[in-house]
Amino acid sequence: MRYLILSDIHANWEALQAVRAHVRRKRYDQVVFLGDAVGYGASPNQVLSWLRELGPPPVMVRGNHDRVCAGLDSAEYFNRYARDASAWTLEHLDERNLEYLRALPEGPLGLTDEVAVCHGSSVDEDTYIFSAYDAQLAFDGLPHSIIFFGHTHIPSMFMLRENNGRHTLKVRLLTGRRLVLDLEPESRYLINPGSVGQPRDRDPRAAYAIFDADQRRLYLYRVSYRASAARRRILAAGLPPVLGDRLLYGA
Ligand code: ZN
């Protein structure tokens, strides 16, 4: 089984289009989405319609922006720009897309006995996994050996190795246009494929992954897209200009 793993699209249609074109000749059986379809970007209806019409339907969990943009939670803990964008999104969503957004399940979700997915962390969809400590809590929260997560928008991997009762936890940032990683059978992994629509690792290219579960092989890709067009759309929508500018720098 091969999974196409997408996270944090954030209503960026241009980035999603580039990823769709890039995977056209790649093999995968199932799309897995780690949350934050909307928020920040100016194309929430296009992104949600695409997810809705995918066949077979994607396995997905909601993100914190999905929850707030759907009107299921207040935006009080968001910064000003995220708050403005969530209000704009809720105002502009079609009825069917709003309904779809409201129905997205909260993670974590088991994909198989081995693999699970979540938005922030296995213990809470709003929690970020940046440090080894955050990762340890996330490992403790689920029995699965491979956990995919999003939310930080940083392609990264935490590897937990257990040797004669001794634990070592390694952190690795996943950079570059194409990366292939073979996962060790005895180790546990937390993996963030990066963000499709709002990368924050100073690489503005859209990020995604394909995971071959049978071979335990992970492919990570970065794809150039017309960030300036996504930015123009954000400006034309009257969203905060900073949300467009940051796309140019991947910040
Ligand atoms: Zn996000």
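This text follows the structure it describes.
(A) View of the pattern of salt bridges. Counted under the stated rule, the structure contains 14 salt bridges. Among the ionic pairs, Arg 62 bridges to Glu 106, the shortest N-O distance being 3.3 Å. Remark: Glu 106 occurs in the loop between α5 (95–102) and β4 (109–110) and Arg 62 occurs in the loop between β3 (59–60) and α3 (64–69); sequence separation between them is 44 residues. Residue Arg 62 is classed as buried on the basis of its relative accessible area of 13%. With relative accessibility at 49%, the residue Glu 106 sits in the partly exposed group. Here the salt bridges share partners, and the residues they tie into one network are Arg 62, Arg 67, Asp 73, Glu 106, Glu 125 and Asp 126.

(B) Structural view of the sheet that holds strand β8 (residues 166–173). If you walk across this open sheet you meet the six strands as β4-β5-β6-β10-β7-β8, and the pairing is mixed. Each having just a single partner strand, β4 and β8 make up the two edges of the open sheet. Alignment of strand β5 (residues 115–117) against strand β6 (residues 146–148), held across three bridges, turns out to be parallel. Note on β6: the bridge partner recorded for Val 115 is Ile 146.

(C) View of unusual backbone geometry. Residue Pro 56 is bonded to the preceding Gly 55 through a cis peptide linkage, with omega at -10°. Its place among the elements puts Pro 56 in the loop between α2 (44–53) and β3. Residue Pro 108 is bonded to the preceding Gly 107 through a cis peptide linkage, with omega at 0°. The residue Pro 108 is located in the loop between α5 and β4 in this model. Of note in this structure, Asp 36 is not a glycine but carries a positive phi near 65°.

Definitions and limits used
- Residues numbered from 1 in each chain as written.
- Predicted model: local features only at pLDDT ≥ 70, side-chain atom pairs only at ≥ 80, totals over all residues.
- Heavy atoms only, no water.
- Salt bridge = Lys/Arg side-chain N within 4 Å of Asp/Glu carboxyl O.
- Helix = DSSP H or I, 4+ residues; strand = E, 2+ residues; numbered from the N terminus.
- Buried < 20%, exposed > 50% of the residue type's maximum accessible area, 1.4 Å probe, protein only.
- Pairing = 2+ DSSP bridges.

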